[in-house]
Amino acid sequence: MDLEMLIPINHLSRVVNEQVERIPNRVINEVFQEEGRPSYHPKMMLKIILFAYTRGMMSGRKIEIMLQENVPMMWLSGRQVPSYRTINRARVMPWFDALLKEMFISLHMHLLEQKIIKGDRIFIDGTKIEADANKYSFVWEKSTKNHSERLQKKIGLMYEELKSKVDHLIEKEEDAPFDENDLITMEDAVSEIMANNLKKLALLG
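Residues numbered from 1 in each chain as written. Predicted model: local features only at pLDDT ≥ 70, side-chain atom pairs only at ≥ 80, totals over all residues. Heavy atoms only, no water.

Caption draft 1: Seen up close, the packing of helix α6 (residues 84–91) against helix α8 (residues 148–174). Put simply, α6 and α8 touch, their axes get as near as 11 Å, and they point 135° apart. Relative to α8, α6 is oriented oblique. In this structure, α6 meets α8 at a crossing whose hand is left-handed. Residues Tyr84, Arg85, Asn88 and Arg91 of α6 form the contact with α8, whose own contacting residues are Val166, Ile170, Glu173 and Glu174. Of the residues that constitute the contact of α6 with α8, the class distribution is three nonpolar, one polar and four charged. (Axes fitted to C-alpha atoms, helices over the stretch in contact; angles between N-to-C directions. Helix = DSSP H or I, 4+ residues; strand = E, 2+ residues; numbered from the N terminus. Parallel < 35°, antiparallel > 145°, perpendicular 65-115°, else oblique. Left-handed = near helix turned anticlockwise from the far one by under 90°. Contact = heavy atoms within 4.5 Å. Nonpolar A, V, L, I, M, F, W, Y, C, P; charged D, E, K, R; others polar.)

Caption draft 2: Broad picture of empty space enclosed by the protein. Summed over all chains, the structure comprises three cavities of 30 Å³ or more. If you go around the largest cavity, the residues you meet are Tyr53, Arg91, Asp97, Leu100, Tyr159, Leu162, Lys163, Val166 and Asp167. Looking at the lining of the largest cavity, the elements with two or more residues in it are α7 (94–113) and α8. For the lining of the largest cavity, the element with the most residues is α8, which contributes five residues. For the lining of the largest cavity, the class distribution of residues is five nonpolar, no polar and four charged. (1 Å grid on protein atoms, 1.4 Å probe; cavity = no way out; pocket = protein on both sides within 12 Å on 5 of 7 lines; lining within 4 Å. Points joined across faces, edges and corners; volume = space filled by probe spheres on them.)

Caption draft 3: Fine view of α6. Among the eight residues that make up α6, seven are buried, leaving the element largely enclosed by the rest of the structure. Within α6, the full set of buried residues consists of Tyr84, Arg85, Thr86, Ile87, Asn88, Ala90 and Arg91. (Buried < 20%, exposed > 50% of the residue type's maximum accessible area, 1.4 Å probe, protein only.)

Caption draft 4: Region of the structure containing the pattern of salt bridges. Summed over all chains, the structure comprises seven salt bridges. Here glutamate 4 ties to arginine 14 by a salt bridge, and the two come within 3.1 Å at their closest N and O atoms. With glutamate 4 in the segment before α1 (12–21) and arginine 14 in helix α1, this pair connects stretches of sequence that are 10 residues apart. What makes glutamate 4 partly exposed here is its relative accessible area of 34%. Close ionic contact of glutamate 174 with arginine 85 constitutes a salt bridge, the shortest N to O distance being 3.2 Å. (Salt bridge = Lys/Arg side-chain N within 4 Å of Asp/Glu carboxyl O.)

Caption draft 5: Representation of the packing of aromatic side chains. All told, the structure shown has two aromatic pairs when counted by the stated rule. Above the plane of the ring of tryptophan 75 lies arginine 14, whose end atom (NZ or CZ) is 5.4 Å from the centre. Sitting above the plane of the phenylalanine 32 ring, arginine 37 keeps its charged end 4.1 Å from the centroid. (Phe/Tyr/Trp six-rings, centres within 6.5 Å; stacked < 30°, edge-to-face > 60°. Lys NZ or Arg CZ within 6 Å of the ring centre and 35° of its normal.)

Caption draft 6: Fine view of the confidence of the model for the chain. Confidence in the prediction of the chain, expressed as mean pLDDT, is 77, and 70% of residues score 70 or more. Mean pLDDT per element in the chain: strand β3 (residues 127–130) is the minimum at 39, and helix α5 (residues 71–77) is the maximum at 96. Note that pLDDT drops below 50 for residues 119–144; the model gives that stretch 55 contacts with residues more than four away or on any other chain. (pLDDT = per-residue confidence, 0-100.)

Caption draft 7: Broad picture of unusual backbone geometry. The phi dihedral of arginine 79 falls on the positive side, at around 65°, and the residue is not glycine. Relative to the helices and strands, arginine 79 is located in the loop between α5 and α6.

Written as structure tokens, this is what we have:
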């Protein structure tokens, strides 16, 4: 079944998909050259995390569940289901965090311009989601073009506050006991790191 057929034309997941796809391929290729090819494509990981954040989901475990149960998430991920530990591991990587912050700002600027964000909440499919934006006194009703630089800085502050909450959740989840799936994920991660190190050694040689 083509999951895209189940996604409404004006659904936020399509906006997220479009915004992430605008990242130049050269940026992703530079990441591959410096860090090695990750288990999951960075664009896919960005899409699912950004969409989860718009739904108020910051926990890696809850994002993993969304990937199994939420149709838009299944579409964004191409039906791939990275474990919550893989999701958390990506979010603590400096290069991925930099990309995520940039896309978080870009997405919010777009939502402002399209008047999807109003007041201190994001209205999506009739569901109210707290955005904590009221803390930064956004000029919601005025043209964002005239306040672009200030808005970007304020949205950046909102991201940093969100990140502090995410880091706390990640710390709690990483302290949880390992199960069988976690061990498989760890084995894959170790194999990935070894393969990347071997590649770098080959380039140096």
